[in-house]
Amino acid sequence: MKKLFLLLALVFSMPVLAQDDVTEDVGETSENNVVDGIVAKQHIKNKRHLQPAYVREANVLWAKTIWRIIDLREKQNLYLYYPTNTVDERRSLIRTLIDAIATGELEAYNPNNDNEFESTITVNDAYQKLGAEPVDSTVSVDPETGESVTKFVYDVKSLPTDLVKKVMVKEVWFFDSRYSALKCKILGLCPIVLAKNEEGTRLDQKLLFWVYYPAAERFLAKQEAYSFSNDAMRSSLHDRLQARQFGSYIYKESNVYNNRIITSYAKGMASNIEAQRIENSIFQKEHDMWAF
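Presented here is an overview of the structure given in this document. (Residues numbered from 1 in each chain as written. Predicted model: local features only at pLDDT ≥ 70, side-chain atom pairs only at ≥ 80, totals over all residues. Heavy atoms only, no water.)

**Side note on the overall build of the chain**
Formally: A run of H or I in DSSP counts as a helix once it spans at least four residues, and a run of E counts as a strand once it spans at least two, with each numbered from the N terminus. Classification of residues uses two cut-offs on accessible area relative to the type maximum, computed with a 1.4 Å probe and protein chains only: under 20% is buried, over 50% is exposed, and between them is partly exposed. Residues are treated as being in contact if the distance between any of their heavy atoms lies within 4.5 Å. Using the Shrake-Rupley algorithm and a 1.4 Å probe, accessible areas are obtained, with residue cover drawn only from the displayed protein chains.
The secondary structure content of the chain amounts to 7 helices and 10 strands. Buried positions account for 34% of the 292 residues belonging to the chain. Long-range contacts, defined here as pairs at least 24 residues apart, represent 62% of the contacts in the chain between residues at least 6 apart. Taken as a whole, the chain presents about 18,700 Å² of accessible surface, with 53% of it coming from carbon and sulfur.

And the structure:
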């Protein structure tokens, strides 16, 4: 008889326990207790970024540094360009980087140096390169020189991040003998603005700043990326970049001629053929490493 009562008590308590689990799984809601969707999304924002596996220098048998350009206007790259304004807590790639730079958690580097990560620039310099207009200014006295210093104030939310049409990626491809696999490590990202030259006859590429990708990974890993086919798909900008889910073309490779760009020695269709040749040579190198 006691077993029967225990069994009935267990059966009737199961819906209550299930209801409690469902309630706890809803996650955080807004201030007015409204969930704009099936559940409040918590997976990406609470996702812990894992550090890449350690690579010993002795295990790197071959390496090649590549600079490539991602055109954000291409269809497969639109998830990096949009939204131009924050939508459902989703931000574009450039907005995510700018917000991290604005808080001082991410460094911006001068794009005019041969070494991309040699010297940093200030936050205001990054804003000015983007073409932002200051909303206010403050004047202070330098305690060391006694001179007046003017500091401009910018509205971060109104920065014209939609002007960035391309992103340059610096990466290194290498063969890891420990896993007998060809791997790629992204080293840096550089937003590019298309601006008219002084004569106004053509559009030139203007490099804004470099960011060190390993330092930016933790911000991109917590930023949800739009899925073209499934709103419930849980992936971050970092996931998509690491999975190579973007279209791009090679801009230059490491070479003996001061790392010259492809268009300096190949014009028109020849430059596209040369970029494809470099791309094929990288993957061919993996096959050449195997011995049968």
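Structure shown, so let's carry the discussion forward.
**Digging into empty space enclosed by the protein**
To keep it simple, the criterion reads: In this analysis, the protein atoms alone were mapped onto a 1 Å grid. Cavities are point sets where a 1.4 Å probe fits without being able to get out; pockets are open sets with protein on both sides within 12 Å along at least five of seven lines; lining residues have an atom within 4 Å of a point. Grid points are joined across faces, edges and corners, and a volume is the space filled by probe spheres set on the points.
Summed over all chains, the structure comprises 1 cavity of 30 Å³ or more. Estimated volume of the largest cavity: approximately 30 Å³. As for the largest cavity, its lining consists of Tyr-81, Pro-83, Thr-84, Ser-92, Ile-94, Thr-161 and Asp-162.

**Notes on the packing of aromatic side chains**
Counted only if it meets this: Each Phe, Tyr or Trp ring, with Trp reduced to its six-membered ring, pairs with another whose centre is within 6.5 Å; inter-plane angles below 30 degrees give stacked pairs, above 60 give edge-to-face pairs, and intermediate values give tilted ones. Only Lys NZ and Arg CZ are tested; either one counts as a charge over a ring when it is within 6 Å of the ring centre and within 35 degrees of the ring normal.
Enumeration over the complete set of coordinates arrives at 6 aromatic pairs. Pairing Tyr-109 with Phe-117 gives two aromatic rings, centres 5.7 Å apart and planes at 85 degrees, and the pair type is edge-to-face. Clustering of aromatic rings is evident, with ring pairs tying together Tyr-109, Phe-117, Trp-210 and Tyr-212. Positioned above the aromatic ring of Tyr-79 is the side chain of Arg-240, whose terminal nitrogen or guanidinium carbon lies 4.1 Å from the ring centre.

**Description of the layout of surface pockets**
Rules: Classification used: nonpolar for Ala, Val, Leu, Ile, Met, Phe, Trp, Tyr, Cys and Pro, charged for Asp, Glu, Lys and Arg, polar for all others including Gly.
What the second largest pocket holds in volume is close to 520 Å³. Along the wall of the second largest pocket there are 20 residues; nearest its centre are Pro-52, Ala-53, Val-55, Cys-184 and Lys-185. When residues of the lining of the second largest pocket are traced back to their parent elements, those giving at least two are strand S1 (60–71), strand S6 (164–176), strand S7 (181–196), helix H5 (213–220) and helix H6 (237–242). Counting residues per element, the lining of the second largest pocket draws most heavily on S7, at 4 residues. Per-class residue counts for the lining of the second largest pocket are 13 nonpolar, 4 polar and 3 charged.

No statement about biological role is implied by the geometric values presented.
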